[in-house]
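# Architecture at a glance
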Amino acid sequence: RPREELDAVDSVCPYCGVGCALTYYVDRERGAIAFAEGRDQPGSKSRLCVKGRYGWDYAASPQRLTVPLIRKESSYPKGPLSADVRGDSHNDRGRAGAGGNRSAKLSKNGKDGRRKPGGLVDYDEVLPHFREATWEEALDLIARRLKEIHAERGPGAIAGFGSAKCSNEEAYLFQKLIRAGFGTNNVDHCTRLCHASSVAALFEGVGSGAVSTTYGDVANADVVIITGSNPTANHPVASSFFKQARRRGTKIIYVDPRASTVSEHADYHCQVKPGTDVAFYNAVMHEVIRLGLIDMEFIKARVSGFEELVRTVNEYPPERSAQITGVDADLIREVARVWGEAKAGVIYWGMGISQHTTGTDNARCLIAMCSITGNVGRPGTGLHPLRGQNNVQGASDAGLIPMFYPDYQGVDQDATRRRFEEAWGTQLDPNRGLTVTEIIGSVLKPDGVRGMYMLGENPFLSDPNINKVRKALSQLDFLVVQDIFLTETAEFADVILPASSYLEKEGSYTNTDRRVQLGRKVMDPPGQARVDWEIIQDIAQRIGLDWSYSSPSEVFDEMVELMPSYANLRHENLGLTGKLYPNEDPEHSDGTVVLFDERFNTDDGLAHLVPAEWLPAKELPDAEYPLVLNTGRLLEHWHTGSMTRRSFALDTISPVPEVYMHPKDAADRGLSHGQMVRVRSRRGSIELQVRISHREQLGNCFIPFHFREAAANLLTIDEIDPYGKIPEFKFCAIQVEAL
Ligand code: SF4
């Protein structure tokens, strides 16, 4: 059908934090999207990666949930229902039919000879445990059971997991429901697994968890450090900005245990050993200070804690750091000189920094790196944690975190709480709630969480040590899952609500740059599936809250009233390209690119440096588990794969789970490319293919966590960072052996 006969709908990509602007061209006669095209916007400049361009057909999957489901009385106790994820505990290792031995099952052919969709919940196995229900019946049951648990066990027995896939308005309503409706701050989302440690360090250091400049500002930098991040895979369009800047002369210092296409474009690749970032950056700062390349004027005027930092980094001369990090001392000296001499530099970082038990310390070092060299508050300078999901910034801004109301206003601040109590017309809990990682642990305690409402999260695949998650989910008294597919977590649910994909509703999303954009409705939800904000409102009304929102834009207006950072924004003035916040005049301005030009957001306006000592990871390799596991994402897939593995193009390009190994590690074990192996940790085992990869360090392996049939989080450790409470997804000890 020619383009002019198609209906064009401007929206936003639903995947990564870059939030590319795009247009869907819809064939209304067929009721289907024909194609997607990038749209001009300052942060994406009409570019799209493979996910944005092709990854939308999942919404039309025949596997969409279209009717509310209630677990049958006969289907208790709960447990994982599909065979491939049933019972993979450490003790099951090697037992025929259990755990890893079942894990390859879904990649085999179905009875009809066609390849079964790889790694999806087997609907035929799971659906018989549920019966169809009306919306009235399902919502009444949810309200009744959650109210009963609340009355019997108290507010702390209820918890909610929202999602960074939610729009700002959905995230705001969800946290308001849990706080105002159930009197608890036990509400969190997947930022806990992503950048919670970065946010903890940024709040402490500069008084704001958001980025201080955009990725487009790389164009104004002489030097950038890209660290703990593989932007080509995880933020592909942002990566194109980095590569363009490199072409124009910006130097790239890449600090990462793995090589990548970014390291191939970089001027320097410091291939640190995993978990040694603090030792590396302390040595760089040691050298910057020794060479006199600090900005003393900036430090005197705008920084506190410098003397203490000097005392700490003095203990990290490059030679000592070289022994810890494996990076040559001369390279550390060279990088320090280049960073120290730069007139303008930005640090961009990813989850290789944040997903450690030292994640907050790692980010503290990056804040200090910028602060002592005056690299904050001017064009081409600053701090930028590259956000993972398309709305992880917005969902956090909207208060989907247990310690903050919207806009990071502390729940334990009396004046703040009174303001929210007045706005919401109810008494609120003065105590910080539990985080995602703490809620899972709490369910396993006798006086812990008993009832949960899960909106778009899939912790059974996304959380660390999922055998522990399995135990927790199966012990809940009541679990509601609201999602678009029958996810692994939905297998544990008492009630499953059919939700809408982002294509089927309107809402705003905030990207990694602080750009608030409108996602617009492209099509209707299938069957009886409903838009999420209406479902949340229906539950709120049933538990006695006096809500009567008529649209997402009305919700957004209420948010803006309570969120100083979003002041002046309205759906109507976001336009086609969105607006950065803060924004004095959205009618005429795109918003503020560079923050902290005069003062930081801390109470005294200063950057607070917090020195960090290097600490090793919690589980080091040993004779039984001699390799280090690093987990992460692939370009073609997204998180637990519920969307991308149902996208024909994406799953075709990347259909199978693999463990990436250094050639020598593979050769030492007699393994060849493509061979099936078992990977074991102290917590479980999985089976998958070997990929011989020159990008891995000797002794290190990489496994993406998208693949349920070889779920990487069966292996990971649930140790957490003490400040950000983020798990150590980037380091645990494993063994790989031939099957
Ligand atoms: Fe979507 Fe991110 Fe790719 Fe842009 S870079 S198209 S936001 S996945």
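Residues numbered from 1 in each chain as written. Predicted model: local features only at pLDDT ≥ 70, side-chain atom pairs only at ≥ 80, totals over all residues.

The chain is annotated in an unreviewed UniProt entry as Formate dehydrogenase subunit alpha of Nonomuraea aridisoli. You can read under Sequence similarities (unreviewed entry) in the UniProt record for the chain the words "In the C-terminal section; belongs to the prokaryotic molybdopterin-containing oxidoreductase family." (UniProt positions renumbered as here; feature names shortened; annotations may be inferred.)

### Let's talk about the overall build of the chain
For the chain, the count of helices and strands is 25 helices and 28 strands. Its C-alpha radius of gyration of 25 Å places the chain within 12% of the 27 Å reference for a compact globule of 739 residues. The principal-axis extents of the C-alpha atoms in the chain amount to approximately 70 × 65 × 60 Å. Taken across its 739 residues, the chain has 58% of its residues classed as buried. Looking at the chain alone, contacts between residues at least 24 apart form 75% of all its contacts between residues at least 6 apart. (Helix = DSSP H or I, 4+ residues; strand = E, 2+ residues; numbered from the N terminus. Rg over C-alpha atoms; globule rule 2.2 N^0.38 Å. Buried ≥ 20, exposed ≤ 12 C-beta atoms within 10 Å, placed from the backbone. Contact = placed C-beta atoms within 7 Å.)

### Observations concerning unusual backbone geometry
The omega torsion across Tyr581 and Pro582 is -5°, close enough to zero to call that bond cis. Within the secondary structure layout, Pro582 lies in the loop between strand S21 (579-580) and strand S22 (607-608). Residues other than glycine seldom take positive phi values, yet Tyr408 does so here, at roughly 60°. Positionally, Tyr408 belongs in the loop between strand S14 (404-405) and strand S15 (409-410).

### Considerations on the pairing of strand S9 (residues 251-255)
Counting buried residues in S9 gives four out of five residues, a clear majority hidden from the surface. Pairing between S9 and strand S10 (residues 268-270): three bridges, direction parallel. Following the sheet pairing, Val255 is matched in S10 by Cys270. (Pairing = 2+ DSSP bridges.)

### So, the pairing of strand S17 (residues 478-483)
Among the six residues in S17, six count as buried, and that is most of the element. Because side chains alternate across S17, one face comprises the buried residues Phe478, Val480 and Gln482, and the other comprises Leu479, Val481 and Asp483, equally buried. Two elements, strand S16 (residues 451-455) and S17, share five bridges in a ladder whose sense is parallel. Counterpart to Met452 in the pairing with S17 is Leu479. Across four bridges, the pairing between S17 and strand S18 (residues 495-498) is parallel. Each residue of the ladder has a partner; that of Val481, found in S18, is Ile496.

### Quick notes on the site of the ligand
Close contacts around the ligand come from 13 residues, with Cys13, Cys16, Cys20, Cys49 and Gly52 the closest. By residue class, the composition of the shell around the ligand is nine nonpolar, three polar and one charged. Here the shell around the ligand gathers at least three residues from each of two domains, domain 1 (3-48) and domain 3 (196-386 + 603-608). (Near = placed C-beta within 6 Å. Nonpolar A, V, L, I, M, F, W, Y, C, P; charged D, E, K, R; others polar. Domains from an automatic or database assignment.)

### Points about helix H21 (residues 466-475)
The complete set of buried residues in H21 reads Ile466, Val469, Arg470, Ala472 and Leu473. Contact partners of the buried residues in H21: helix H19 (436-443), helix H20 (459-462) and S17.

### Concerning the domain arrangement of the chain
Once the domains are mapped, the chain shows domain 1 (3-48), domain 2 (67-78 + 130-182 + 391-512 + 526-543 + 553-561), domain 3 (196-386 + 603-608) and domain 4 (627-738). Each of domain 1 and domain 4 has a C-alpha centre, and the two are 32 Å apart.

### Examining the sheet that holds strand S2 (residues 21-27)
Pairing within the open sheet is antiparallel, and its three strands lie in the order S1-S2-S3. Sheet topology places strand S1 (7-12) and strand S3 (32-38) at the edges, where each strand pairs with a single neighbour. Adjacent strand axes in the sheet meet at a mean angle of 30°, parallel and antiparallel pairs treated alike. Relative to S2, S1 runs antiparallel, the two sharing six bridges. Of the residues in S2, the one forming a bridge with Asp7 is Val26. (Axes fitted to C-alpha atoms, helices over the stretch in contact; angles between N-to-C directions.)

### Concerning the packing of helix H4 (residues 135-153) against helix H22 (residues 532-542)
Orientation of H4 relative to H22, taken along the N-to-C sense of each, is 55°, at an axis distance of 9 Å. As summarised for this structure, H4 and H22 are arranged oblique, according to the angle between their axes. H22 is crossed by H4, and the crossing has right-handed handedness. In this structure, H4 contributes Leu139, Asp140, Ile142 and Ala143 to the contact, and H22 contributes Asp538, Ile539 and Arg542. Looking at the contact of H4 with H22, its residues break down into four nonpolar, no polar and three charged. (Parallel < 35°, antiparallel > 145°, perpendicular 65-115°, else oblique. Left-handed = near helix turned anticlockwise from the far one by under 90°.)

### Overview of the sheet that holds strand S19 (residues 507-510)
The three strands are arranged S19-S20-S21 in an open sheet whose pairing can be described as antiparallel. Bordering the open sheet on either side are S19 and S21, each of which pairs with just one other strand. Of the strand pairs in this sheet, strand S20 (residues 515-519) and S21 are connected by two bridges, and their pairing is antiparallel. Looking at S21, one finds that Arg515 is bridged to Leu580.

### Quick word on the packing of helix H6 (residues 196-206) against helix H16 (residues 359-372)
It is the contact of H6 with H16, at a shortest axis distance of 8 Å, that shows an interaxial angle of 45°. Classified by the angle between their axes, H6 and H16 sit oblique to one another. Note on packing geometry: the crossing formed by H6 with H16 is right-handed. Contacts between H6 and H16 involve Ser197, Ser198, Ala200, Ala201, Leu202, Gly205 and Val206 from the former and Gly359, Thr360, Ala363, Arg364 and Ile367 from the latter. Taken together, the residues of the contact of H6 with H16 break down into six nonpolar, five polar and one charged.

### Here we look at the environment of Ala36
Mapped onto the elements of the fold, Ala36 is located in strand S3. On the basis of neighbour counts, which here come to 21 C-beta atoms within 10 Å, the residue Ala36 falls in the buried class. Those residues in contact with Ala36 that lie beyond four places of it in its chain are Leu22, Thr23, Tyr24, Leu48, Gly52, Arg53 and Trp56.

### Description of the environment of Gly17
Of note, Gly17 is situated in the loop between S1 and S2. Here the alpha-carbon distance between Gly17 and Gln41, two residues 24 residues apart in the chain, equals 14 Å.

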